[in-house]
Amino acid sequence: MTEPLPTASAAALREQTASGHTTSAATVDRALARARQVNAGRDGLNVFVALDERFLRKHATVSAAQLTDTEPGLLLGVPVAIKDNIATLHHPTTCGSRILGGYVSPYEATVVRRLRDAGALPFGKTNMDEFAMGSSTENSAYGPTRNPLAPDRVPGGSSGGSAAAVAAGIVPIALGSETGGSVRQPAAFCGIVGVKPTYGRVSRFGLVAFASSLDQVGLFGATVDDAARALHTIAGRDPLDSTSADLPVPEYHLASARPVKGMVIGRPKEYFPDSLDSRIRARCDVAFDHLRALGAEIRDVSLPHTDLAIPVYYIVAPAEASSNLARFDGVRYGLRLEGDGLRGMYEATRSNGFGPEVTRRIMLGTYVLSAGYYDAYYRKAQQVRTLIAADFTRVFASGVDVLFTPTTPTPAFPIGAISDPYEMYLSDIFTATANLAGVPAMSQPIGRVDGLPVGGQLMAAHFGEEKMFTVAYALERALGAGASV
Ligand code: GLN
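This section reports on the structure supplied with the text.

Conventions and cut-offs
- Residues numbered from 1 in each chain as written.
- Predicted model: local features only at pLDDT ≥ 70, side-chain atom pairs only at ≥ 80, totals over all residues.
- Heavy atoms only, no water.
- Buried < 20%, exposed > 50% of the residue type's maximum accessible area, 1.4 Å probe, protein only.
- Helix = DSSP H or I, 4+ residues; strand = E, 2+ residues; numbered from the N terminus.
- Pairing = 2+ DSSP bridges.
- Near = heavy atom within 4 Å.
- Polar contact = N/O pair within 3.5 Å; in protein donor to acceptor, adjacent residues only side chain to side chain.
- Nonpolar A, V, L, I, M, F, W, Y, C, P; charged D, E, K, R; others polar.
- Expected span 1.5 Å × (residues − 1).
- Arc of directions from axis to C-beta.
- Salt bridge = Lys/Arg side-chain N within 4 Å of Asp/Glu carboxyl O.
- Phe/Tyr/Trp six-rings, centres within 6.5 Å; stacked < 30°, edge-to-face > 60°.
- Lys NZ or Arg CZ within 6 Å of the ring centre and 35° of its normal.

1. A look at the pairing of strand β7 (residues 264-268)
Right, so step 1: Among the 5 residues in β7, 5 count as buried, and that is most of the element.
Right, so step 2: Side chains V264, G266 and P268 of β7 all project onto a buried face; the interleaved residues I265 and R267 project onto the opposite face, where all are buried too.
Right, so step 3: Here 5 bridges tie β7 to strand β8 (residues 297-301), and the two strands are oriented parallel to one another. What sits directly across from G266, in β8, is R299.

Structure representation (structure tokens):
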């Protein structure tokens, strides 16, 4: 088992860069050296799909204005890895797919621009399941990424490359994306912090669409504080995304000073079924004990429609994907393979450009939207989605501040161990609910089982990220080294 070197925190890098104790060029050099080290050899982690060292070195400077500002940018001098479905200038944006091989976006995502405005250094593109469909980063045209803590295991997915970049000590922060758990699940598998913001909290301009009613840019941090600073930087209204909310953005890192005393932490029974691995349950119980000792009330609650989340998600997400992915047809983007006439060209391009899981989702989505099946599947799924969202509304209206659950039913599984798509879909069993309801959620390390990290999940009411961070900071402090035991 490789134990990754700790990277300097975002707060420390900002401080050291602002005071002249380090330079952004030196920080980028260190990150590149570490990336080279972990990617080398047969056991290379395969974290990045694009990492142009010369380009990164050349642009590794923060402006003189940023350095002399009285209040330095929140992420001054912090390298941030970017998932390959988030548009960047220069580096390609391929969504881990052959169909977008070599595609360079003519514009950059709002989240990337905001990172740069805050003094951060966008650092290469990370591997992912093709079009963010998967839970293991094995469905990538570039081959699987390995888990830095156990290289024979998956890092989770679909944002596995970003999670591995942080867990391997290359960068303290990385961007990912969430449709059904693609940040929280890999964060849990890699022993780091992962945040899915409220739907509408963060601009999606420049995030390649998978399922638009669920998608949100998410982020990884080596610590709760790294994640809090990253969220503050990228959140807020963007005129380029009409689904982004026009609400003030709190300074999430100030939540570190808030007490959890008096808060009500819900324990939803559906997330602790009898079948739950007893060792994962035990880690959660330790977390509950700490929160109780800090003066929080732990309250048993019920979210009765939880078990319907997977069937609903695997109708809604493929339906939206089948429509969103129709644009990749050989005409406008990336790959084009000639065939017999226009239709032949479409067929040749799409059947060669998309991998098996993406093809399966497009077929499933087209089926559930087709005449005769729409009412039975898609409309029904939308109705049940409303019930799932209502479960959350009711629980939060009853005075619960934050819910606490396991993030995943198991720790990281071996590469190649799950070949049945349905079994893979079950990885999202505790995470897809938050996407369907649009509420914010995060995962943080709460200990180990068989030496592998286990994640605890926090969920809050819409735009309640501050409460989530208040609990996460307190729990991180209370668990201390216990989180990585
Ligand atoms: N594992 C889920 C899926 O395959 C979630 C993906 C995601 O959140 N992007 O769809």
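After that view, the rundown keeps rolling.
2. Considerations on the site of the ligand
Right, so step 1: The environment of the ligand is formed by 15 residues, the closest being T179, G180, S182, Y313 and R361.
Right, so step 2: In this structure, an oxygen atom belonging to the ligand sits 2.6 Å away from a main-chain N or O atom of G180.
Right, so step 3: Contact distances for the ligand include 3.2 Å between an oxygen atom and a backbone N or O atom of G181.
Right, so step 4: Each residue belonging to the shell around the ligand can be placed in one class, and the counts come to 5 nonpolar, 7 polar and 3 charged.

3. Focus: helix α11 (residues 341-353)
Right, so step 1: Across its 13 residues, α11 extends 18 Å between first and last C-alpha, which sits within 8% of the 18 Å expected from 1.5 Å per residue.
Right, so step 2: Among the residues making up α11, those that are buried are G344, M345, A348, T349 and G353. The arc that holds every buried residue of α11, seen down its axis, measures 135 degrees, which confines them to one face. The exposed set on the far side of α11, more than 90 degrees from its buried face, consists of R343 and S351.

4. Let's talk about the pattern of salt bridges
Right, so step 1: Inspection of the entire model under this criterion finds 22 salt bridges.
Right, so step 2: R116 serves as the salt-bridge partner of E108, at 2.2 Å between the closest nitrogen and oxygen.
Right, so step 3: The class for E108 is buried, based on a relative accessible area of 14%.
Right, so step 4: The partly exposed category is assigned to R116, whose relative accessible area is 37%.
Right, so step 5: Through salt bridges with shared partners, a single network forms among D29, R36, E53 and R57.

5. Some thoughts on the packing of aromatic side chains
Right, so step 1: As enumerated under the stated definition, the model contains 18 aromatic pairs in all.
Right, so step 2: Between the aromatic rings of Y103 and Y333, the centroid separation amounts to 5.6 Å while the plane-to-plane angle is 75 degrees, which identifies the pairing as edge-to-face. With Y103 in the loop between β2 (79-83) and α5 (110-117) and Y333 in the loop between α10 (309-324) and α11, the pair connects residues that are 230 residues apart, well separated along the chain.
Right, so step 3: Taking the relative accessible area as the measure of exposure, Y333 reaches 25% and is therefore partly exposed.
Right, so step 4: Where Y252 meets F469, the ring centres are 5.7 Å apart and the plane angle is 35 degrees; that geometry is what we call tilted. Taken as a pair, Y252 in the loop between α8 (224-234) and β7 and F469 in helix α16 (residues 465-479) lie far apart in primary sequence, 217 residues in all. Each member of the pair, Y252 as well as F469, is classed as buried.
Right, so step 5: Three or more aromatic residues joined by ring pairs form one cluster here, namely Y103, F131, F328, Y333 and F354.
Right, so step 6: The ring of F272 has R267 lying over it, and the distance from NZ or CZ to the ring centre is 4.1 Å.

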